[in-house]
Amino acid sequence: MASDSKRIGILTSGGDCPGLNAVIRGAVKSANRHGFDVVGFLRGYEGLVDPVSFVPLNHKNTTGILSQGGTILGSTNKGRFAATVGVSNRVELDPELLAGVRTTFEQLNLHGLICVGGDGSLAVSQQFHEYGLPVVGVPKTIDNDLSATAFTFGFDSAVDCATDALDRLHTTAASHDRVMILEVMGRHAGWIALHAGIAAGGDVILIPEIPWTFENVCQKILERDRQGKRFTLIVVAEGAKLPSGAVVTQEPEQKDRQTRLGGIGSIVAQEIESRLGRETRTVVLGHLQRGGVPTTFDRVLATQYGAHAVRLIVQRRFGEMVCYHPPRMESVPIIEAVNELSTVDVNGSAVQAARALSVSFGDDPQPVGPFQLSGPPAKEIPAGPPAASADHPKKSSEGIAPTEFDRPVFFA
Ligand code: F6P
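Values in this document were obtained by computation on a predicted structure and should not be read as measured data. (Residues numbered from 1 in each chain as written. Predicted model: local features only at pLDDT ≥ 70, side-chain atom pairs only at ≥ 80, totals over all residues.)

**Observations regarding the overall build of the protein chain**
Point 1. Across its full length, the protein chain carries 11 helices and 11 strands.
Point 2. Among the 412 residues that make up the protein chain, the fraction classed as buried is 44%.
Point 3. Long-range contacts, defined here as pairs at least 24 residues apart, represent 73% of the contacts in the protein chain between residues at least 6 apart. (Helix = DSSP H or I, 4+ residues; strand = E, 2+ residues; numbered from the N terminus. Buried ≥ 20, exposed ≤ 12 C-beta atoms within 10 Å, placed from the backbone. Contact = placed C-beta atoms within 7 Å.)

Listed below in structure tokens is the structure:
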């Protein structure tokens, strides 16, 4: 590889998710059109130094990867590069490590490096930026918890997976009159639980942002019983706090990395069984949410992120991260992206809509009131069928005869 060619690098860091390969492909295709060669570093930041490990990326080896899950470059959320900033404590990177990375940039004549990662991984790129290395960021995580962007890629695919699981649990729950609990990922944000819960018609959604009680969850199950619905579908986020305020983890607290969450689903199940004597089953969806093909939305988003990250390098807007504020693709300083977690707005439109449909969040029942949405006041819509107009003349049957589906069906 000639050291005088114009070149950029790309790496994927942290937990994987669907869409990483789509970013890589988008970046390579667009970089080539801007006259750049591309190298992909292996296993995240680890590939940058001691030993430097990378592969040249081109049309040939990125063809057909748009729809593939995982990452062709590999990734890790462990290793020598750990540098949380902002919401967590900052850990300074080893100066020798940083010097080694600078040498790699010089030897490979890198004009820029695209770092694809979540908050922890982007915190590393922030330190690279402060050290004077030309980096740009792409926001990745199924958790959708980066405040600087409306959507991270991978989130939609994870929600799709959780929705499919809930749809399947729904039918078996109904057949057996059972309570079914699905525990989903998302760390300290309830986005996956909220969106999948709404998409699949969940009855109870427990998220970290809304304190809840076992009494209220059981009340909802009993309320459904009274309505003749002998099954209940519950989705619980792994980071939802118990009524005591405790977060359920799979291991003792870790100092050098994020502690693994998980296990709340079975605690909720045990409590329901002991309080109501109702058969309850739990499914922990786990890493299924991170595998498989990206959804259409994630493919489009990831492709745009890849192409726009290259644009940031071409425009020498280093230290920035691409972000999506529909319908615009924009950029923000990476530091802004890692400074604040994006959690569910408990008064937001999605929560309000779910409440309007009687979904329980395990908190005390809320009065049904007008939606508190931002924006101009809604127009009053008169009750009843729309008045006839020249454009929409009234059909003779309107408002009189029931439709086929409204009529009761009698079997002889
Ligand atoms: O941040 C993404 C995520 O999948 C979280 O939702 C989950 O808590 C965590 O990573 C799992 O990490 P690991 O793959 O290390 O078990």
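There is more to say, and it comes next.
**Re the pairing of strand 1 (residues 7-12)**
Point 1. With 6 of 6 residues buried, strand 1 is to be regarded as a mostly interior element.
Point 2. Here strand 1 shows two buried faces, one formed by Arg 7, Gly 9 and Leu 11 and the other by Ile 8, Ile 10 and Thr 12.
Point 3. In this structure, strand 1 lies alongside strand 2 (residues 37-41), joined through 4 bridges in parallel fashion. The residue of strand 2 that forms the bridge with Ile 10 is Gly 40. (Pairing = 2+ DSSP bridges.)

**So, helix 7 (residues 214-226)**
Note: α-helices contain 3.6 residues per turn, so residues at a spacing of three or four share the same orientation.
Point 1. A rise of 1.5 Å per residue sets the reference length of helix 7, with its 13 residues, at 18 Å; its end C-alpha atoms lie 18 Å apart and thus fit the reference within 8%.
Point 2. What helix 7 keeps buried is the set Val 217, Lys 220 and Ile 221. Viewed end-on, helix 7 has its buried residues packed into an arc of 95°, placing them on one side of the element. Set apart from the buried face of helix 7 by more than 90 degrees, the exposed residues are Glu 215, Leu 222 and Arg 226.
Point 3. At its buried positions, helix 7 is contacted by strand 6 (179-184), strand 7 (204-206), strand 8 (232-237) and helix 8 (264-276).
Point 4. With its phi angle positive at about 85°, Gly 228 sits one or two positions after the end of helix 7. (Expected span 1.5 Å × (residues − 1). Arc of directions from axis to C-beta.)

**Let's talk about the sheet that holds strand 4 (residues 110-117)**
Point 1. If you trace the 7 strands from one edge of the open sheet to the other, you get 3-2-1-4-5-10-11, paired in mixed fashion. With partners counted over all chains shown, the strands left at the sheet margins are strand 3 (54-57) and strand 11 (328-333), one partner each. Shown here is a sheet whose adjacent strand axes are inclined to one another by a mean of 30°, direction ignored.
Point 2. Here strand 5 (residues 135-139) pairs with strand 10 (residues 320-325) via 2 bridges, running parallel. Note on strand 10: the bridge partner recorded for Gly 137 is Met 321. (Axes fitted to C-alpha atoms, helices over the stretch in contact; angles between N-to-C directions.)

**Side note on the packing of helix 7 against helix 8**
Point 1. Between helix 7 and helix 8, whose axes approach to 10 Å, the crossing angle comes to 65°. Crossing geometry of helix 7 relative to helix 8 is assigned as right-handed. Mapping the contact onto sequence places Phe 214, Val 217, Cys 218 and Ile 221 in helix 7 and Glu 271, Ile 272, Arg 275 and Leu 276 in helix 8.
Point 2. In terms of residue class, the contact of helix 7 with helix 8 is built from 6 nonpolar, no polar and 2 charged. (Left-handed = near helix turned anticlockwise from the far one by under 90°. Nonpolar A, V, L, I, M, F, W, Y, C, P; charged D, E, K, R; others polar.)

**Side note on the sheet that holds strand 6**
Paired through their backbone hydrogen bonds, the strands of a sheet run either parallel or antiparallel.
Point 1. One open sheet accounts for 4 strands, arranged 7-8-6-9; its pairing is parallel. In the strand order of this sheet, the two ends are held by strand 7 and strand 9 (280-284), each with one partner. Mean inter-strand twist for the sheet, computed between neighbouring axes without regard to direction, equals 15°.
Point 2. Relative to strand 8, strand 7 is paired through 3 bridges, and the arrangement is parallel.

**Observations concerning unusual backbone geometry**
Point 1. Of the consecutive residues Asp 50 and Pro 51, the connecting peptide bond is found in the cis state with omega at 0°.
Point 2. Topologically, Pro 51 is positioned in the loop between strand 2 and strand 3.
Point 3. With an omega of 5°, the peptide bond running from Pro 326 to Pro 327 counts as cis.
Point 4. Note that Pro 327 resides in the loop between strand 10 and strand 11.
Point 5. One non-glycine residue, Arg 43, lies in the positive phi region at around 55°.
Point 6. Mapped onto the fold, Arg 43 is located in the loop between strand 2 and strand 3.

**Considering the nonpolar core**
The tendency in soluble globular proteins is for nonpolar side chains to be buried as a group.
Point 1. Counting residues in hydrophobic clusters, the biggest one holds 103 residues, and the most contacted among them are Ala 162 and Ile 192.
Point 2. Counting contributing residues per domain, this core is built from domain 1 (7-153 + 294-339) and domain 2 (159-290 + 345-378), each supplying no fewer than three.
Point 3. Discounting chain neighbours no more than four positions away, the residues touching Ala 162 are Leu 182, Val 184, Ile 192, Ala 196, Leu 285 and Gln 289. (Core = buried A, V, L, I, M, F, W, Y, C linked by C-beta atoms within 7 Å. Domains from an automatic or database assignment.)

**Here we look at the pairing of strand 11**
Point 1. For strand 10 and strand 11, the ladder comprises 6 bridges, and the chain directions are antiparallel. Across the sheet, residue Met 321 finds its bridge partner in strand 11, namely Val 332.
Point 2. Joining the antiparallel neighbours strand 10 and strand 11 is a turn of 2 residues.

**Quick notes on the confidence of the model for the protein chain**
Point 1. Looking at the protein chain, pLDDT values average 90 and 88% of them are 70 or higher.
Point 2. In this model, residues 389-412 is a region of pLDDT below 50 whose contacts with residues beyond four sequence positions or in other chains number 6 contacts. (pLDDT = per-residue confidence, 0-100.)

**Some points on the packing of helix 5 (residues 155-176) against helix 6 (residues 191-199)**
Point 1. Running from amino to carboxyl end, helix 5 crosses helix 6 at an angle of 50°, the nearest separation of the two axes being 8 Å. As summarised for this structure, helix 5 and helix 6 are arranged oblique, according to the angle between their axes. Of the two elements, helix 5 crosses helix 6, and the hand of that crossing is right-handed. Of the residues in helix 6, those in contact with Phe 155, Ala 158, Val 159, Ala 162, Thr 163 and Leu 166 of helix 5 are Trp 191, Ile 192, His 195, Ala 196 and Ala 199.
Point 2. Of the residues contributing to the contact of helix 5 with helix 6, the split by class is 9 nonpolar, 2 polar and no charged. (Parallel < 35°, antiparallel > 145°, perpendicular 65-115°, else oblique.)

**Quick notes on helix 4 (residues 119-130)**
Point 1. Given a rise of 1.5 Å per residue, 12 residues ought to cover 16 Å, and the 16 Å separating the end C-alpha atoms of helix 4 matches this to within 8%.
Point 2. By the criterion of burial, helix 4 is predominantly enclosed, with 11 of the 12 residues buried.
Point 3. Asp 119, Gly 120, Ser 121, Leu 122, Ala 123, Val 124, Ser 125, Gln 126, Gln 127, Phe 128 and His 129 are the residues of helix 4 that are buried.
Point 4. One or two positions beyond helix 4, positive phi appears at Gly 132, with a value near 95°.

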